[in-house]
Amino acid sequence: MLKVHRDICGYCGCCVSVCKEGALELIDAYLEVGPGCTDCGVCAKACPVGALEVERE
Amino acid sequence: MKKHYNLLMIGGGPAGAIAARTAAKAGLSACIVEKRPAIGAPVRCAEGIGMESLAEFVKPDPCFISAEMQRAALVAPDGTTMILDSQSSGGKVGYVLDRKVFDRELVWQAAEAGSDVAVKTRASAPIIKDGKVRGATLEFCGTKTDVTADVVIAADGVESKFSKWCGIDTTVPLREIMSSAQYIVTDIDIDPHCTVFCLGNEVAPQGYLWVFPKGDRTANVGIGISGLKSGTGHRAKDYLDRYMASKFPNGKTIEWIVGGVSVCRPLACTVGDGLIIAGDAARVVDPLTGGGIYNAMYTGDLAAKVAIDAIEKGDTSKNALMPYDMQWRQSKMGKTIERNYHIKEYMINLTDAKMNAIIQTASSINLKEFSTLQLVKELIKRDPKLIFELAILKDLIT
């Protein structure tokens with residue numbers, strides 16, 4: 001599942017723009033991961049600071 | 001806040017503010033909805049804009065201009081620097097803005113013209129009836145309110161969620177998102193009137209690194225790299241930190257900024273029934289420069305004008321709003337986006353050696369005008385071998 005490292009996240013919305021599923025939403029300074037997330041990892045790659053990580057179970 | 005507006009703007013950036021100002025000045029009811037608690041903050045921008053571009057929509061005012069630019073420097077991977085000077089506009093070519101103040105000024109102008117403004121208010125869903133956008137559900141401190149509108153203008157920036165909820169795919173391809181980071185750095189030695197653009201696959205893969213002065217010893221130092229080139233250990237922030245350590249080791253960072261900039265083609269269609277998409281949300285950022293302030297103001301203004309006309313005629317269907325889509329595509333802005341998209345696609349495939357060769361050739365050119373178009377034309381003139389490679393560009397600029 002997608003993990004948001006909130007101490008790193010700059011809540012810029014870069015990840016939101018590349019999410020095909022529309023699963024991410026930025027609510028002011030809080031990045032919300034919705035149920036539509038498929039763990040594709042595109043957002044984690046695009047993040048300018050490395051705040052997103054797909055954790056494999 | 002009213003229950004119904006002629007125009008409802010989702011987003012309080014330049015696109016939403018100018019749309020609201022244009023609508024309110026024409027006597028229509030308008031409301032800007034901004035999800036952040038403050039207009040203009042946090043900044044997601046390198047803040048550069050051309051002098052004439054700015055003046056088209058707002059009177060330049062020192063209160064929101066951080067610095068005036070007179071020239072630009074293009075730095076090749078090997079360090080070769082080419083200076084682009086302006087000899088035709090009294091030495092001034094552009095500005096580096098203070099977006100926090102600038103965005104507030106635009107919203108203030110909209111408010112003064114009669115528009116309502118709601119901050120810390122988030123559009124959480126569109127109101128759709130019979131397949132037509134009729135407004136939005138707004139959330140403020142846990143309270144939901146439905147507000148209807150004749151036309152909704154989606155000006156919600158790079159995230160572009162509102163249009164997505166309306167069924168329009170606004171996803172930016174990974175390779176065409178500029179994953180970006182920027183510091184406002186102070187106490188550094190810079191040319192305070194020169195914007196610097198550094199190119200190279202080691203410096204900023206498929207993007208560029210910039211130094212945009214904001215004062216005598218202060219600048220926006222930032223970088224955008226392709227999302228495709230971003231990853232653990234080689235993200236925008238990593239490249240920027242490396243540059244800072246080598247160029248400005250003693251600079252003091254007074255602001256930490258991150259963001260995403262789309263450099264894809266604009267959306268295939270920027271209108272829907274009762275809906276117009278403007279600014280970054282419509283993906284109308286200049287794909288070569290990443291500049292989006294003017295394009296946001298231009299599309300915001302045009303969106304309001306077309307909406308006003310449609311409302312007067314009592315038809316706000318997709319067909320009735322289509323003139324917006326057609327007009328911006330045929331405009332100078334639309335044509336520049338298309339041309340610069342091709343130039344960008346050419347540039348991102350260049351090797352460092354090729355970039356060095358081009359900039360070495362170009363640095364011997366004394367450009368009278370500060371423009372990409374002139375530069376490419378001159379390049380073709382100087383380096384006959386380039387003609388083959390720039391053939392695709394030649395067709396676009398002649």
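Residues numbered from 1 in each chain as written. Chains lettered and ligands numbered in written order. Predicted model: local features only at pLDDT ≥ 70, side-chain atom pairs only at ≥ 80, totals over all residues. Heavy atoms only, no water.

Peer 1: Can you help me understand the packing of aromatic side chains in this one?
Peer 2: A ring pair, where both rings are aromatic, is described by two values, the distance of the centres and the angle of the planes. This model, assessed by the stated rule, comprises nine aromatic pairs over all chains. On the numbers, 5.7 Å between centres and 70 degrees between planes, the contact of B:Y208 with B:W210 is edge-to-face. The same class applies to B:Y208 as to B:W210, namely buried. Plain terms: the ring middles of B:W210 and B:F212 are 6.3 Å apart, the flat faces sit at 45 degrees to each other, and that makes the pair tilted. On the basis of relative accessibility, which here comes to 8%, the residue B:F212 falls in the buried class. Among the aromatic residues, ring-to-ring pairing joins B:F197, B:Y208, B:W210 and B:F212 into one connected group. Directly above the ring of A:Y30 sits A:R6, whose terminal nitrogen or CZ lies 3.8 Å from the centroid. (Phe/Tyr/Trp six-rings, centres within 6.5 Å; stacked < 30°, edge-to-face > 60°. Buried < 20%, exposed > 50% of the residue type's maximum accessible area, 1.4 Å probe, protein only. Lys NZ or Arg CZ within 6 Å of the ring centre and 35° of its normal.)

Peer 1: Would you explain empty space enclosed by the protein in this entry?
Peer 2: All names here are of chain A. With the rule as written, the count across this model stands at two cavities of 30 Å³ or more. Of the pockets and cavities examined, the largest cavity occupies roughly 120 Å³. Along its surface, the largest cavity is lined by 15 residues, and C19, L24, C37, C40 and C43 are the ones closest to its centre. Class assignment of the residues belonging to the lining of the largest cavity gives a composition of ten nonpolar, two polar and three charged. Computed from the structure, the second largest cavity encloses a volume of approximately 90 Å³. (1 Å grid on protein atoms, 1.4 Å probe; cavity = no way out; pocket = protein on both sides within 12 Å on 5 of 7 lines; lining within 4 Å. Points joined across faces, edges and corners; volume = space filled by probe spheres on them. Nonpolar A, V, L, I, M, F, W, Y, C, P; charged D, E, K, R; others polar.)

Peer 1: Quick question: what am I supposed to make of the interface of chain A and chain B here?
Peer 2: Buried accessible area, meaning the area lost when the parts come together, often serves as the stated size of an interface. Across the boundary between the two partners, chain A contributes 26 residues, which contact 30 residues of chain B. Of the roughly 2200 Å² buried between chain A and chain B on both sides combined, carbon and sulfur atoms contribute 55%. Viewed at the interface, chain B and chain A are joined by two salt bridges. The salt bridge partner of A:E25 is B:R122, with a shortest N-O separation of 2.6 Å. Along the contact surface separating chain A from chain B lie 17 residue pairs in polar contact (both at pLDDT 80 or more). Broken down by secondary-structure element, the contributors of at least two residues to the side of chain A that touches chain B are α1 (14-18), β2 (24-27) and α2 (42-46) of chain A. Tallied by class, the residues present in the side of chain A that touches chain B amount to 17 nonpolar, five polar and four charged. (Contact = heavy atoms within 4.5 Å. Buried area = accessible area lost by both parts, 1.4 Å probe. Salt bridge = Lys/Arg side-chain N within 4 Å of Asp/Glu carboxyl O. Polar contact = N/O pair within 3.5 Å; in protein donor to acceptor, adjacent residues only side chain to side chain. Helix = DSSP H or I, 4+ residues; strand = E, 2+ residues; numbered from the N terminus.)

Peer 1: Got a minute to help me understand the sheet that holds strand β6 (residues 81-85) of chain B in this structure?
Peer 2: Strand pairing in a sheet is mediated by backbone hydrogen bonds. Such pairs are either parallel or antiparallel. Residues and elements named next belong to chain B. Spatial ordering of the open sheet is given by β6-β5-β13-β14-β15-β12-β16, a layout of seven strands whose pairing is mixed. Strand pairing shows two members of the sheet lacking a second neighbour, β6 and β16 (252-262), which therefore form its edges. Here the strands of the sheet are splayed against their neighbours by 20 degrees on average, with no regard to which way each runs. As paired strands, strand β12 (residues 177-186) and strand β15 (residues 218-226) are joined by nine bridges and run antiparallel to one another. Among the inter-strand pairings, T186 is bridged to a residue of β15, identified as T218. Sitting on the sheet, helix α5 (residues 236-247) touches β12, β13 (194-198), β14 (208-215), β15 and β16, and the angle it makes with β12 is about 35 degrees. (Pairing = 2+ DSSP bridges. Axes fitted to C-alpha atoms, helices over the stretch in contact; angles between N-to-C directions.)

Peer 1: Just to check I follow, could you spell out the packing of helix α7 (residues 318-330) of chain B against helix α8 (residues 332-347) of chain B for this structure?
Peer 2: Each pair of packed helices can be described by the angle between their axes along with the distance between the axes. All names here are of chain B. Contact pair α7 / α8: the axes reach a minimum separation of 4 Å and the direction vectors enclose 65 degrees. Of α8, the residues touching α7 (which contributes W328, R329 and Q330) are K332, M333, G334 and K335. When grouped by side-chain class, the residues that make up the contact of α7 with α8 number two nonpolar, two polar and three charged.

Peer 1: What is the right way to read the nonpolar core from this model?
Peer 2: Ranked by size, the top nonpolar core spans 76 residues in total, and within it B:L7 and B:F162 carry the most contacts. No other element matches helix α6 (residues 293-313) of chain B, which puts 13 residues into this core. Looking at this core, you find at least three residues from each of domain 1 (4-44 + 99-172 + 266-330) and domain 2 (70-96 + 174-262) of chain B. Setting aside its immediate chain neighbours within four residues, B:F162 contacts B:I10, B:A123, B:A125, B:P126, B:V133, B:G135, B:A136, B:V152, B:A154, B:D156 and B:L275. If you look at the next biggest cluster of nonpolar residues, it comprises 50 residues, including A:C19, A:A51, A:L52 and B:Y243. (Core = buried A, V, L, I, M, F, W, Y, C linked by side-chain atoms within 4.5 Å. Domains from an automatic or database assignment.)

Peer 1: Looking at this structure, I do not really get the environment of B:D116. What am I missing?
Peer 2: Residue and element names in this part refer to chain B. Within the secondary structure, D116 is located in strand β8 (residues 116-118). Sequence separation between D116 and L8 is 108 residues; the distance between their C-alpha atoms is 9.5 Å. With residues up to four places along the chain from it excluded, the contact list for D116 reads M1, K2, Y5, A30, C31 and I32.

Peer 1: Where do I start with α8(B) in this structure?
Peer 2: An α-helical turn contains 3.6 residues, so a residue and the one three or four places further along point in the same direction. Along its 16 residues, α8(B) runs 22 Å from first to last C-alpha, staying within 8% of the 22 Å computed at 1.5 Å per residue. When we look at burial in α8(B), the residues that qualify are B:M333, B:G334, B:I337, B:R339, B:N340, B:Y341, B:I343, B:K344 and B:Y346. (Expected span 1.5 Å × (residues − 1).)

Peer 1: Looking at this structure, I do not really get the sheet that holds strand β4 (residues 65-69) of chain B. What am I missing?
Peer 2: All names here are of chain B. Taken in spatial order, the three strands make up an open sheet running β3-β7-β4, and their pairing is antiparallel. Either end of the sheet is taken by a strand with one partner, and the two such strands are β3 (48-50) and β4. Along the sheet, successive strands turn relative to each other by an average axial angle of 30 degrees, direction set aside. Bridge analysis of β4 against strand β7 (residues 94-97) gives four bridges, and the strand direction is antiparallel. Bridge assignment links I65 to a residue of β7, and that residue is L97.

Peer 1: I keep staring at unusual backbone geometry and nothing clicks. Help me out?
Peer 2: When glycine is set aside, most residues are seen to have a negative phi, and most peptide bonds are trans. Residue and element names in this part refer to chain B. Residue A41 is joined to P42 through a cis peptide bond whose omega torsion reads -5 degrees. The residue P42 is located in the loop between β2 (30-33) and β3 in this model. In the Ramachandran plot, C141 falls in the positive-phi region, its phi being about 50 degrees despite a non-glycine side chain. Secondary-structure assignment places C141 in the loop between β10 (132-140) and β11 (143-154). With a phi angle near 45 degrees, S160 is a residue other than glycine that sits in the positive phi range.

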